[in-house]
Amino acid sequence: MIMNLFVRQIVQILLVIAMAPLLMGWIRQCRAWLANRAGAGLLQPYRELSKLLRKQPIVAHEASPLFVATPYILFTTMVVAGAMVPMTTTRLPLAGVSDAVALAGVFALARIFAALAAMDLGTAFGSMGARRAMLVGFLAEPALLMVLFTPAMISGSTSLVVIVRQLARHGIILYPSMAFAAAAYVMVTLAENARLPVDNPDTHLELTMIHEALNLEYSGRHLALIEWSVAIKLFVYIGIGAALFFPWGITQGHDLAALPIAYALLLAKLAAAGAGLAVIETVFAKLRLFRVPEFLGTAFLLAVLGLLVRYLFGH
Amino acid sequence: MSWMRLSSPLPIHHAWVDSALWRALAVQWHCEDGQLIALWGSDERPAGLGFVVHAVIICADKWHWISLRAGIDNPRFPALSDLFPAAARQERALFDLLGIACDAGDTRSWLRHDAWGPADFPLRRDFTEGPPTTSADQPYPFISVRGNGVHEIAVGPIHAGTIEPGHFRFSVVGDEILRLEERLGYTHKGVAKRLEGMPLRDGGRLAGRICADSTAAYAGAYAMAVEMVCACAVPPRALWLRALLWERERIANHLGDLGALCQDGGLAFGHTQFGLLKERWIQTHGRLFGHRYLMDMIVPGGVARDLDATAIALLDSECTTLVAATRHLQYIVDDHAGLQERFLGTGRLAEAQARALGAVGLAARASGVSCDLRVSAPTPPYDILNTQISLHHGGDVAARVAVRFEEIYESARLIRTLLAALPTGPVRADCGRPEGSLGLGAVEGWRGLILVAVTRAPDTDSHHVHIHDPSWQNWPLLEHAVLGDLVPDFPLINKSFNLAYSGHDQ
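These numbers were taken from a predicted model, which means no experiment stands behind them. The residue numbers shown here count from 1 along each chain, following its written sequence. To read the labels, note that chains go from A and ligands from 1, taken in the order they are written. Under the rules for a predicted model, residues below a pLDDT of 70 receive no local features and side-chain atom pairs below 80 are neither given nor counted, while totals for whole chains, interfaces and linings still include all residues.

## Considerations on the overall build of chain A
For the purposes of this entry, the term helix denotes a DSSP run of H or I that reaches at least four residues, the term strand denotes a run of E that reaches at least two, and both are numbered from the N terminus. Across its full length, chain A holds 12 helices and zero strands. When the helices and strands of chain A are read in sequence order from the N terminus, they spell out α-α-α-α-α-α-α-α-α-α-α-α. Based on the C-alpha atoms only, the size of chain A along its principal axes is roughly 55 × 45 × 40 Å. With 315 residues in all, chain A has 51% of them scored as buried. Residues are treated as contacting if the C-beta atoms built from their backbones sit within 7 Å of each other. Looking at chain A alone, contacts between residues at least 24 apart form 79% of all its contacts between residues at least 6 apart. Three exposure classes are used, based on other C-beta atoms lying within 10 Å of a residue's own C-beta, which is placed from the backbone: buried for 20 or more, exposed for 12 or fewer, and partly exposed in between.

## Let's talk about the overall build of chain B
Broken down by element type, chain B carries 17 helices and 15 strands. The dimensions of chain B, computed from C-alpha atoms along their principal axes, are 70 × 60 × 45 Å. For chain B, the proportion of its 506 residues judged to be buried stands at 53%.

## Describing the sheet that holds strand S9 (residues 167-173) of chain B
Residue and element names in this part refer to chain B. Spatially, the three strands line up as an open sheet ordered S8-S9-S10, and their pairing is antiparallel. The open sheet has two edge strands with one neighbour each: strand S8 (150-155) and strand S10 (176-183). Taken pair by pair, the neighbouring strands of this sheet meet at an average axis angle of 20°, ignoring direction. Two elements, S9 and S10, share seven bridges in a ladder whose sense is antiparallel. Along S10, the bridge assignment pairs Val172 with Ile177. DSSP bridges decide pairing: two strands pair if at least two such bridges lie between them. An axis is simply a line fitted to the C-alpha atoms; with a helix, the fit covers only the stretch in contact. Between two such axes, the angle follows the N-to-C directions and lies from 0 to 180 degrees.

## A word on the nonpolar core
By size, the foremost hydrophobic cluster in this structure holds 258 residues, and its most contacted members are A:Ala143, A:Ala184, B:Ala221 and B:Ala225. Of the residues forming this core, the biggest block, 17 residues, is contributed by helix H10 (residues 220-245) of chain A. Domain start and stop points were drawn from an automatic or database domain assignment. No fewer than three residues from each of domain 1 (4-102) and domain 2 (191-505) of chain B sit in this core. In this structure B:Ala225 touches B:Gly439, B:Leu440, B:Gly441, B:Val452, B:Ala453 and B:Val454, once residues within four positions along its chain are discounted. Residues enter a nonpolar core if they are buried, belong to Ala, Val, Leu, Ile, Met, Phe, Trp, Tyr or Cys, and are joined to the set through C-beta atoms within 7 Å.

## Re the interface of chain B and chain A
Chain B puts 26 residues into the contact, and the matching count from chain A is 23 residues. Of all the elements in the fold, those that place two or more residues in the side of chain B that touches chain A are S8, helix H7 (268-289), helix H9 (337-343) and helix H16 (490-497) of chain B. Three categories are distinguished: nonpolar for Ala, Val, Leu, Ile, Met, Phe, Trp, Tyr, Cys and Pro, charged for Asp, Glu, Lys and Arg, and polar for the others, with Gly belonging to the last. Here the side of chain B that touches chain A is built from residues that sort into 13 nonpolar, eight polar and five charged.

## Side note on the confidence of the model for chain B
Residues and elements named next belong to chain B. Confidence in the prediction for chain B averages 92 pLDDT; 98% of positions are at 70 or higher. Known as pLDDT, the predictor's confidence for each residue is given on a scale from 0 to 100. Averaged pLDDT values for the elements of chain B fall to 89 in S8 and rise to 96 in helix H14 (residues 397-420). Among the scores for the predicted complex, ipTM is 0.87 and pTM is 0.92.

## A look at the environment of B:Gly166
Residue and element names in this part refer to chain B. By secondary structure assignment, the location of Gly166 is in the loop between S8 and S9. We classify Gly166 as buried; it has 21 C-beta atoms within 10 Å. Each C-alpha atom, one on Gly166 and one on Thr187, is 8.7 Å from the other, the two residues being 21 residues apart in sequence.

## Points about the packing of helix H15 (residues 471-481) of chain B against H16(B)
All names here are of chain B. The interhelical angle for the contact between H15 and H16, taken along N-to-C directions, is 150°, at an axis separation of 10 Å. One way to sum up the angle between H15 and H16 is to call them roughly antiparallel. In the packing of H15 onto H16, the handedness of the crossing is right-handed. Two secondary-structure elements touch here, H15 through Asn474, Leu477, Leu478 and Ala481 and H16 through Ile493, Asn494 and Phe497. Of the residues assigned to the contact of H15 with H16, the class counts are five nonpolar, two polar and no charged. Between 65 and 115 degrees an angle is taken as roughly perpendicular, under 35 as roughly parallel, over 145 as roughly antiparallel, and anywhere else as oblique. For a crossing to be left-handed, the near helix must be turned anticlockwise from the far one by less than a right angle; the clockwise case is right-handed.

## A short note on helix H6 (residues 236-264) of chain B
Residues and elements named next belong to chain B. End to end, H6 covers 42 Å across 29 residues, agreeing with the expected 42 Å (1.5 Å per residue, within 8%). Most of H6 sits out of view: 27 of its 29 residues are buried. A positive backbone phi angle near 95° is found at Gly266, which sits one or two residues after H6. Multiply 1.5 Å by the residue count of a helix minus one, and that product is the helix's expected span.

## Notes on the domain arrangement of chain B
Often the size quoted for an interface is simply the accessible area lost on bringing the parts together. All names here are of chain B. Each assigned domain of chain B is listed here: domain 1 (4-102) and domain 2 (191-505). The C-alpha centroid of domain 2 is placed 25 Å from the C-alpha centroid of domain 1. Each partner contributes residues to the interface: domain 1 has 27 residues there, and domain 2 has 25 residues. Here the element with the most residues in the side of domain 1 that touches domain 2 is strand S3 (residues 35-44); it accounts for seven residues. The residue makeup of the side of domain 1 that touches domain 2, split by class, is 17 nonpolar, seven polar and three charged.

## Some thoughts on helix H5 (residues 100-120) of chain A
All names here are of chain A. Between its terminal C-alpha atoms H5 stretches 30 Å, which fits the 30 Å expected from 21 residues at 1.5 Å a residue. Inspection of H5 places Ala100, Leu103, Ala104, Phe107, Ala110, Arg111, Ala114, Ala115, Ala117, Ala118 and Asp120 among the buried residues, and these make up the whole buried set. Buried residues along H5 sit against helix H3 (65-84), helix H6 (124-155), helix H7 (160-169) and helix H9 (211-214).

## A short note on the sheet that holds strand S15 (residues 462-468) of chain B
Residues and elements named next belong to chain B. Pairing in this open sheet of three strands is antiparallel, and the strands run S13-S14-S15 from one edge to the other. Pairing within the sheet leaves two strands with one partner each, and these edge strands are strand S13 (438-444) and S15. On average, each strand axis in the sheet is inclined to that of its neighbour by 10°, with strand direction left out of account. Bridge count between strand S14 (residues 449-457) and S15: seven bridges; the pairing is antiparallel. From the neighbouring strand, Ala453 faces S15, where its bridge partner is His466. Those strands touched by helix H5 (residues 215-230) are S13, S14 and S15, and its axis lies near 150° from that of S13.

## Considering the pairing of strand S5 (residues 62-71) of chain B
In summary, the side chains of a regular strand alternate between the two faces of the sheet. All names here are of chain B. Most of S5 is tucked away: seven of the 10 residues are buried. In the sheet, strand S2 (residues 12-17) pairs with S5 via six bridges, with the strands oriented parallel. Bridge assignment links Ala15 to a residue of S5, and that residue is Ile66. With nine bridges joining them, strand S4 (residues 50-59) and S5 adopt antiparallel strand pairing. For Ala55, the partnering residue across the bridge sits in S5 and is Ile66. Hairpin connection, S4 to S5: the antiparallel pair is bridged by two residues, and Ala60 has positive phi, about 50°.

## Let's talk about the packing of helix H8 (residues 176-192) of chain A against H10(A)
Residue and element names in this part refer to chain A. Here H8 crosses H10 at 175°, and the two axes come no closer than 11 Å. Comparing their axes, H10 and H8 come out roughly antiparallel. Here Met178, Ala182, Tyr185, Thr189 and Glu192 of H8 come into contact with H10, specifically with Tyr237, Gly241 and Phe245. Considered class by class, the residues forming the contact of H8 with H10 number five nonpolar, two polar and one charged.

## A few points about the confidence of the model for chain A
Of all residues in chain A, 99% have pLDDT values of 70 or greater, and the mean over the chain is 90. Mean pLDDT across the elements of chain A bottoms out in helix H4 (residues 93-97) of chain A (77) and peaks in helix H2 (residues 44-54) of chain A (96).

## Here we look at the pairing of S4(B)
Residues and elements named next belong to chain B. The element S4 is extensively covered by neighbouring structure, given that eight of its 10 residues are classed as buried. Relative to S4, S3 is paired through nine bridges, and the arrangement is antiparallel. From the neighbouring strand, Gly41 faces S4, where its bridge partner is Val53.

## Focus: unusual backbone geometry
Residues and elements named next belong to chain B. Here the amide bond leading from Gly156 into Pro157 is cis, since omega sits at 10°, within 30 degrees of zero. For Pro157, the location among the structural elements is in the loop between S8 and S9. A cis amide bond links Pro380 to the next residue, Pro381, at an omega of 5°. Checked against the element boundaries, Pro381 lands in the loop between helix H12 (373-376) and helix H13 (382-385). A positive phi is found at Asp296, a non-glycine position, where the angle reads about 65°. Structurally, Asp296 is set in the loop between H7 and strand S11 (298-299). Residue classification places Asp296 among the partly exposed residues on the basis of 19 C-beta atoms within 10 Å. Of note, Gln506 is a non-glycine position whose phi angle comes to about 45°, a positive value. Within the secondary structure, Gln506 is located in the segment after helix H17 (502-505). The class for Gln506 is buried, based on 26 C-beta atoms found within 10 Å.

Okay, here's the thing in structure tokens:
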């Protein structure tokens, strides 16, 4: 029984680590198709990671230990976040020990380390990127919390496991409050993962960068770990979204037979979310930096509307 | 002083002037809203003239080329940059290359990046190249902005992407630009020095390689200047084919830029679509003209290849297809709220500013300054083509995008007109031996006016070639256009000008 739980947890962690680059590849491939390009294929992120992992990292003389430690911290925090989200089953040892607010805290921890490391060398771009990342972060975080509170109010708990159980038990009911929260969640996901229209993950123009500017001084396996943690973060965000808004198919019992179906459903959810993300990124242009607060303000407003609808009308 | 009408299709006169007249004429033309096109120097000691400073100024559609003997031992000339700001960097470059000083305030080196010593002047004919200097760069005093919360962002010359080297020093508060100062000269290759050692008729290949995206315009201007020195009559069919190549080059670059502007705006779809159109366009170049970027097509005396009837039909139908596809894309770009939000009002350059700074070419036209050689001083075949100038008054990125779209349509129309009435006959004449002492060629390239001036000492057969890129005028515009904009919008604004590094630095 304990063994069973342990195996499930390990499987989920390995799945998150191994599949995250595939999700990235899928999004890029969808974007390429939508732009009439052939694309580099689903496995391109793996090739890039293996290339970077084989390269020697170059570290500036002035770098402090924080600079070197940060890629490992980012990778670890994202893996921990990935372990905490019930993606295929609610019977996860780590999913029970923390709630959605703690999860937001884990992301905040990673962001703070990324910003500190970027400022560590004192380069103009690192500081600029850190400043902009914190601007996006401090606006996105309250919106994220507000989003989480709506399902928490419905299910009476901030624990993702309880939320999934409660919502899945209700069957397919359309909560207007959850529709508001879902829209806000999509906007927060775009901002937190440095996707268009907030940030352009493909840009090589250092002055426009937000997230990429944080990584400019990294190379070799350090950069590989950062790129990998970026992919895991997006994977986890989609996993949280699926748990909150599409909890159906996540197994709740100890029955192992239901797990393959749960995994297949997770894949389908990820594929659909990735394709949707690609559509959003194709249709929208990048926002002017000073429009980002409006964008995230809108996300916050939607999340609050969701809460109000739930609180005032009980839907 | 006597004005000499030069035998050129351009309405140009030349005169030798002294210091007082140099200054007086400049003041007069400045008052008449004249425009300084180029300022350069040459070492004419072999001809017994000492160091000479030249300027070409257009005033009321008349072209004036004035030359001033600056002396031999301690050459000096009166600065023009107080009247024409576009002269400032050219005066600094003039000192770096030839050691001809002027009384302008800014004496910082411009093209010299410590690759040669402060007392060495590479364009002097007695300059011998020593071992390259490897000393550390001397500090370059940028003008700093002081105040609470002001800090500097230094960008380049090495960038995060694969782009040409230029240094941009931003003074910012948060993400708002208070001041931008450019530093260029990193790609100085000494083309002028190399051209001195080559026979005039062979220099066209090198001139066409200074700035690859404008190779047809560069080679064309060079050929015009050499043909003037050699008194060579170019066959009409060659002139028409040259115009065809210039217009095709313009379209290719506009397509590439529009794609890049979409990309910088975050609309990857537009980048791919314009990239596709450009790629098909330049593949046709490769098939019909032997080079995707049209290198070596224009040679002194004519053009290197002729077109047959099949090729003419193909080029004509290609214009129709391209215009239809571009109109469709323009509909998408104009209709895209997100992209328009980025374009509108960004990087605004007011008309008065553009005039004062002497803006040329596309950037000037987007700020409402009517400035197009094809209209103001049309050389054959433009004299009968009735080119419609694309003028917009916004001065922002959106205006520069709109001008690009309109110029694509207009160039396509010109190409079809040229193809429909292409004269028969040979496409190349023998250039003959150089005889004259002055030659000048000018072409409205896609960025703006490209000028090539040849000065030659007939007795000694030595010559100097000056090649002027419109980016000399337009790089300073960027410093003004970005004021008050956001740092992350700079790449978009920069791309909307898309100025040359190699053409400027040479």
